[in-house]
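Here's the letter readout for the chains.
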Amino acid sequence: MTSQQDIPLFEEVVNEFDQRAGELSREESKGLRTARQAAFEKFRALGFPSIKHEDWKYTNINKFLKEEYALEAGKTATPAELLDRATIPGLDCYQIVLVNGVWDGQVIGGPLPKGIEILRVADAVRDSRFASYFEDAKWGNQHFANLNTALFTDGLFINLTGAVTEKPVHIAHLYVGDRNLMLQPRHMWVCKPNSELSIVETVVSQAGELKIWSNSLTDIIINRDARLDHVQIQEASSGLRMVNHTTVHQKKQSLYNNYTFTMPGAELVRNDLQARLEEDHTETHLYGLYLAAGSQLVDNHTLVDHQQPHCYSNELYKGVLLEQSTGVFNGKVYVHQDAQKTNAFQQNNNLVISKKATIDSKPELEIYADDVKCSHGSTVGQFSEEALFYLRARGLGEATAKALLINAFAFDVTEKLKNPAVENHVNQLISYHIPVNHA
Amino acid sequence: MLIIKNLHAQVEGKQILKGLNLTVNAGEVHAIMGPNGAGKSSLASVLAGRENYEVTEGEVIFEGKDLLEMNPETRAREGVFLAFQYPIEIPGVSNINFLKTALGEIRAYRNLPALDAKEFLQLSREKQKLVEFDAKLVNRSLNEGFSGGEKKRNEIFQLAMLEPSLSILDETDSGLDIDALRIVSKGVNKLRSEKNAFIIITHYQRLLEYIVPDFVHVLYDGRIVKSGTKELALELEEKGYDWLKEKESATV
C-alpha cells in the first residue's frame, strides 16, 4: 500500500478537518458533527485508495494525488463562455448554476412551481426540517464518500413533494479557479411519495493548466411511488479530476432512470453509481455511454443492490475508446437472499478504436436468492471492416463513415433519452468529439 | 466507360483473377456468368476497392481515370456503384440519413449544390416509387431486420438515389423469390439509360430473363473464356458449366 505520508494531499485534508472541527461546525447539528467525525476517522484509517484496493484495481490515481490542491475556493467570476458550454440548446428548463459546487440562489426560467423546493446545502444542514438527512455516516469503506462527508460545505438540496413534469431542472456544474482546488460538493435530493421529476446535469470546467479535483457526493432518496429521471452529461476539460459518487435509495414501487454520458476531456473520471433497492417492486434503469480520448481514464463503477423481492433492474453501458484512453467498467449486481423474483439485467459493450486504448470490463454478480432472473454480458470489439467498406462504397469518406458507426454504436443508449433537446445535444457532442483521425 | 486490361488480383496470397479483359460502354448491360469460385464476386470487389484484394497486374480505366488508384469512396463519387451480394445490417444508422450523407458527399465531390431537406425528400419519394421500395423501410435502421429481398431492394433504391454511371450488381438475384426478382429487375430496367452501364454478375440465367443483357461473358478460373450475346446465357443454362472444365482439361 502506498504510504499516505507520501501524499501531501492526505496531510492537507487531515489538517483541514482538524482546523474546521474547531470553528465551522459550531452551527451544525450534533448529529452532523458526529457523522463528520465518524467519516473522517474512517477516511484517516483508509487513506486515499491505491490499485491494491479491489475497487480501484484498474484505476491508478497516484499521479493526480501528487498534485497540489487548495481546499478552499476563493470567489471567481463565472465566464459566460463556460455557462454557454454547460447549456443545452433548445432545452426548456429551470436552470440552476453551481460554480464550484455553490449555488447563488437564482433559478433561470423560474420561479419554481409548487411541489419543489431547492436550497443550498449550507442552509439545509441548519434547517431543522432537513438537517437529519445529513446525519448518517453510512459510507462504509468508500474512501471518497467518507472524505466528502467529513469536509463538505455546500451543494444542492432538493425537496420534491409533487409531480413537476412540465419541464426538467437543469443543473449546470461549472468549475473555475485561479489556483488548483480540491472541492467536496455535497448534494441531497429527497423525492417524497408520488412525486416526479426529471433532472439534467451538465459538468464543464475551465480549460487550460488549472487542476480542479471535484469529489462530489449525491445522495438521493426516492420514496414510495415516486419517479426520478436523472441525466448527467460530463463534458469537462482536461484539468478536472472528477470523482463522482451517487447513491440512490429506492422505496416501494419507485422508479429511477439514470443516464450517464462521459465525453473526452477530464483526465480522470470515476463514477460510482449505487442503486439500493430497499423496498419491493422498484424499477431501475442505468444507461451509460463513455467516449474516452487522449490519455483520459474513465471508470464507471455501478452497483445494483437488490435487497427486496420483485424488483427490476436493467443496465446498459457502452464505451468507445479512442487514442490512448483507458476505460473501466465494473458492474456489480448483488441479490440478497430475500430478494426473490428479482429481474436484473446488465450489458456492457465496448468499441476499442485505437491500438493504444484499453478497456477493463468486469461484470460482478452475487446472487443469494434462488428464484431470480439475472443476466449479464460484456463485449469488446473493433470497427466492423465490412460495415466501414459498405459505407465507403456509397461515397462516405473514412472519417464520416467512422463517425456514423460510432453514433450508431451509441444509439442504443442515446435513444433512451426522453427529451429530444437533450438527445440532440448528446448526439451533437458525440459527433463533435470524434476526432477525424483517432486510430 | 470502363476498360479492364489483363487484370490479375489475389486475396490472401491466392490468385483469383488471372488476366481478365472487359470493355463496357455507356448504355450497355453486361452479364457475367460462371461457376462458383470462378472469380465473379472477386471482380466486383476489386472494382469497388475492397481492401483485402491485391491487384498484381493489369489496369482498370474508368472514364479515362485509373480506377485502381482510387479509394472506395472516391470510386463511388466518380460514379461506380456496387450492389452487394450480402448487404450489411448497421443498427443505429438510419437508412435515410445514411443516404442523405452519401448523396451529400457525392454531390460535393461533383461540385453540385447540396439538396435542401425538401428537395431530398422529393427525390427520395420519387425513387422509392420508381423502384417500388416500401416507405416504411426507408426510415428504419440500415437493413436491420430486413428480409433478404428487402435488403436487395434497398440496394436498388440506393442505386436509384445515387445515380451512378456504372453499376455492378453482385448476385443480386441470389436469395430472391420470384416477386422480389421481378420488382428488382423492373427497377433496374427503369434506371437503364444511354448514359449509364450495368455489369450484372449472376450464377443463373433466371435474372437475365428480366434484365436483358447486351453481352454475356463466361468467367472461368479468373478469366473471361467466352463472350456472346444473350443467347449465350440460354446455352449455359442448358449445358451448365461442366463443358468449361472439360475444355480446360483438354487444353492441358
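First things first, this report covers the structure right here in the doc.

Rules used in this analysis
Residues numbered from 1 in each chain as written. Chains lettered and ligands numbered in written order. Predicted model: local features only at pLDDT ≥ 70, side-chain atom pairs only at ≥ 80, totals over all residues. Heavy atoms only, no water. Helix = DSSP H or I, 4+ residues; strand = E, 2+ residues; numbered from the N terminus. Polar contact = N/O pair within 3.5 Å; in protein donor to acceptor, adjacent residues only side chain to side chain. Contact = heavy atoms within 4.5 Å. Salt bridge = Lys/Arg side-chain N within 4 Å of Asp/Glu carboxyl O. Buried < 20%, exposed > 50% of the residue type's maximum accessible area, 1.4 Å probe, protein only. Phe/Tyr/Trp six-rings, centres within 6.5 Å; stacked < 30°, edge-to-face > 60°. Lys NZ or Arg CZ within 6 Å of the ring centre and 35° of its normal. Core = buried A, V, L, I, M, F, W, Y, C linked by side-chain atoms within 4.5 Å.

Re the side chain of His170 of chain A
All names here are of chain A.
So, step 1. Tracing the sequence through the fold places His170 in strand β5 (residues 169-175).
So, step 2. Looking at His170, its side chain comes within polar contact range of the side chain of Gln95, at 3.2 Å.
So, step 3. What His170 contacts, discounting residues up to four positions off in sequence, is Ala86, Thr87, Ile88, Leu91, Cys93, Tyr94, Gln95, Ile96, Val200 and Thr202.

Structural notes on the pattern of salt bridges
So, step 1. One pass over the structure, following the stated rule, counts 42 salt bridges over all chains.
So, step 2. For Lys252 of chain A, the salt bridge is made with Asp280 of chain A, and the minimal N-O distance between the two is 2.9 Å. Here Lys252 of chain A, found in the loop between β11 (240-250) and β12 (255-262), pairs with Asp280 of chain A, found in the loop between β13 (268-277) and β14 (283-292); they are 28 residues apart in sequence, far enough to count as distant.
So, step 3. Taking the shortest distance from any N to any O, the salt bridge between Arg392 of chain A and Glu51 of chain B comes out at 3.1 Å. With one member in each of two chains, Arg392 of chain A in helix α7 (residues 385-392) and Glu51 of chain B in the loop between α1 (40-48) and β4 (53-62) form a pair that bridges those chains.
So, step 4. Here Glu51 of chain B falls in the exposed class, since its relative accessible area comes to 58%.
So, step 5. Taken together, the salt bridges that share partners define one network made up of Glu54, Lys332, Lys362, Glu364 and Glu366 of chain A.

Looking at the packing of aromatic side chains
Residue and element names in this part refer to chain A.
So, step 1. The full count for this structure, using the stated rule, is 19 aromatic pairs over all chains.
So, step 2. Centroid distance Phe48 to Phe144: 5.7 Å. Interplanar angle 50°. Geometry classified as tilted. Here the residue Phe48 occupies a position in the loop between α2 (30-46) and α3 (62-65), and Phe144 occupies one in helix α6 (residues 143-151), the gap between them amounting to 96 residues.
So, step 3. The interplanar angle of 50° and the centroid separation of 5.5 Å between the aromatic rings of Trp56 and Phe144 together place this pair among those described as tilted. On the criterion of sequence distance, the pair formed by Trp56 in the loop between α2 and α3 and Phe144 in helix α6 is long-range, its members being 88 residues apart. In this pair, the class of Trp56 matches that of Phe144, namely buried.
So, step 4. Through pairs of rings, three or more aromatic residues link up here, namely Phe10, Phe43, Phe48, Trp56, Tyr69, Phe144 and Trp213.
So, step 5. The lysine or arginine in question, Arg36, covers the ring of Phe152, its NZ or CZ lying 4.3 Å from the ring centre.

So, the nonpolar core
So, step 1. Membership of the largest hydrophobic core comes to 124 residues, with the highest contact counts inside it found for Phe261, Leu391 and Ile406 of chain A together with Ile199 of chain B.
So, step 2. Top element by residues in this core is helix α8 (residues 398-414) of chain A. It accounts for 9 residues.
So, step 3. When near neighbours in sequence (up to four residues on either side) are disregarded, Ile199 of chain B contacts Leu2, Leu22, Val24, His30, Ile32, Leu47, Leu166, Ser167, Ile168 and Leu169 of chain B.
So, step 4. Counting residues in hydrophobic clusters, the runner-up holds 49 residues, among them Cys191, Leu197, Ala275 and Val352 of chain A.

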